[in-house]
Amino acid sequence: MRSAGRVVREVLELVRGHVKPGATTLDLERVAAKRIADLGARPAFKGYHGYPCVLCTSINSEVVHGIPSSKRVLKEGDIVSVDCGAVVGGYYGDAAITVPVGEKIDQKTTRLLQVTEASLQSAIAAVKPGATLGDIGAAVQRMVEAEGFSVVRDFVGHGIGSHMHEDPQVPNFGEAGQGMKLRAGMVLAIEPMVNAGKPDVRVLKDGWTAVTDDGSMSAHFEHTVAVTATGAMILTE
Ligand code: MF3
Ligand code: CO
């Protein structure tokens, strides 16, 4: 799974370098598809329940599962979430970053990106044998809500292994001490989705793109994380 995680990381960092005003989300898709193939991996998302691409690219108020398109041109001040999955030797890796487009990102949106990424790190810091799923959710929720932002409820993280989505579900909200106990050897995709406004989301007519109901900005960061004997190992670092 570390091999799959490395592929995902390499692709995300490559794509990050291509995020700039004037680029389309299809440009990002093409760069990613080529690198996944060059690395001898298989894209995890393409064909998954009919999903057409190797990346999900979700701009501004799009929360997750935006479909790359030649019609979506990134502009100064946007943010774009890039989510990528890869399969190596039958094992999956899954990670996401949200990247500012250009240099003129407003203060609140900059804070949204910082807090969402920090909430993922805080969740990972809670991972160890004997900790619970509720500890993960509570760590994210606490940090996000302290800033006046909100945690999306309709999408959650997940177990991952020889399938992209395995049990258990990994909510980004909850109560410390509640839920399934973590054990060494489990692997989880932890993926906070955080809205600047209300938590409600809806799915557009394309059947995929989830957007905030109130039109507020949304950020998404994800790592594939293994539970080890002493804590956590980030496989997509
Ligand atoms: N990281 C996302 C998830 O865990 C990616 C899935 S996109 C899909 O659900 F298109 F493949 F569904
Ligand atoms: Co995922």
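Here's what I pulled together on the structure shown here. (Residues numbered from 1 in each chain as written. Chains lettered and ligands numbered in written order. Predicted model: local features only at pLDDT ≥ 70, side-chain atom pairs only at ≥ 80, totals over all residues. Heavy atoms only, no water.)

**Observations regarding the coordination of the cobalt ion (ligand 2)**
- For the cobalt ion (ligand 2), the protein coordination sphere consists of Asp 94 (OD), His 158 (NE2), Glu 191 (OE) and Glu 222 (OE), at 2.1 to 2.3 Å.
- Seen from the cobalt ion (ligand 2), its six donor atoms lie at angles of 67 to 171°, and the figure they make is irregular.
- We note that the donor set of the cobalt ion (ligand 2) lies within a single chain, spaced as D-x63-H-x32-E-x30-E. With Asp 94 in strand 5 (residues 91-100) and Glu 191 in the loop between strand 9 (187-190) and strand 10 (193-195), this residue pair connects regions lying 97 residues apart in the sequence.
- Assessed through its relative accessible area of 7%, Glu 191 is described here as buried. (Donors = N, O, S within 2.8 Å, 3.2 Å for Na, K, Ca; no water. Tetrahedral: all angles 85-135°; square planar, octahedral: opposite > 155°, others 65-115°. Helix = DSSP H or I, 4+ residues; strand = E, 2+ residues; numbered from the N terminus. Buried < 20%, exposed > 50% of the residue type's maximum accessible area, 1.4 Å probe, protein only.)

**So, the layout of surface pockets**
- In this structure, the largest pocket spans a volume of roughly 330 Å³.
- The wall of the largest pocket is formed by 19 residues, among which Tyr 48, His 65, Met 164, His 165 and Glu 191 lie closest to the centre.
- For the lining of the largest pocket, the per-class residue count stands at 10 nonpolar, five polar and four charged. (1 Å grid on protein atoms, 1.4 Å probe; cavity = no way out; pocket = protein on both sides within 12 Å on 5 of 7 lines; lining within 4 Å. Points joined across faces, edges and corners; volume = space filled by probe spheres on them. Nonpolar A, V, L, I, M, F, W, Y, C, P; charged D, E, K, R; others polar.)

**Quick word on the site of ligand 1**
- Residues in contact with ligand 1 amount to 13 residues; listed here are only the nearest, Tyr 51, Asp 83, His 158, His 165 and Glu 191.
- Contact distances for ligand 1 include 2.9 Å between an oxygen atom and a side-chain N or O atom of His 165.
- In isolation ligand 1 has 330 Å² of accessible area, and contact with the protein removes 94% of it.
- A molecule is said to occupy a pocket when more than half its atoms come within 2 Å of that pocket's grid points, and by this definition ligand 1 occupies the largest pocket.
- The residue makeup of the shell around ligand 1, split by class, is six nonpolar, three polar and four charged. (Near = heavy atom within 4 Å. Polar contact = N/O pair within 3.5 Å; in protein donor to acceptor, adjacent residues only side chain to side chain. Areas by Shrake-Rupley, 256 points an atom, 1.4 Å probe, with all protein chains shown as cover. Sits in = over half its atoms within 2 Å of the grid points.)

**Overview of helix 1 (residues 2-18)**
- The terminal C-alpha atoms of helix 1, which comprises 17 residues, lie 25 Å apart, in line with the 24 Å expected from a rise of 1.5 Å per residue.
- Taken together, the buried positions of helix 1 are occupied by Ala 4, Gly 5, Val 7, Val 8, Arg 9, Val 11, Leu 12 and Val 15.
- Residues of helix 1 that are buried sit in contact with helix 2 (25-38), strand 2 (55-59), strand 4 (79-88), strand 5 and strand 14 (223-227). (Expected span 1.5 Å × (residues − 1). Contact = heavy atoms within 4.5 Å.)

**Notes on the pairing of strand 9**
- In strand 9, alternate side chains face the same way, and those of Val 187 and Ala 189 on one face and Leu 188 and Ile 190 on the other are all buried.
- Of the strand pairs in this sheet, strand 7 (residues 157-159) and strand 9 are connected by two bridges, and their pairing is antiparallel. Each bridged residue has a counterpart across the sheet, and for His 158 the counterpart in strand 9 is Ala 189.
- In this sheet, strand 14 lies alongside strand 9 in antiparallel orientation, the contact comprising four bridges. (Pairing = 2+ DSSP bridges.)

**A few points about the packing of helix 1 against helix 2**
- At a minimum axis distance of 9 Å, the contact between helix 1 and helix 2 shows a crossing angle of 150°. One finds that helix 1 runs roughly antiparallel with respect to helix 2. The interaxial crossing formed by helix 1 with helix 2 has right-handed handedness. Across the interface between the two elements, Glu 10, Val 11, Leu 14, Val 15 and His 18 from helix 1 touch Leu 28, Val 31, Ala 32, Arg 35 and Ile 36 from helix 2.
- Split into classes, the residues belonging to the contact of helix 1 with helix 2 amount to seven nonpolar, one polar and two charged. (Axes fitted to C-alpha atoms, helices over the stretch in contact; angles between N-to-C directions. Parallel < 35°, antiparallel > 145°, perpendicular 65-115°, else oblique. Left-handed = near helix turned anticlockwise from the far one by under 90°.)

From the geometry alone we can't say anything about function, so treat these as descriptive.
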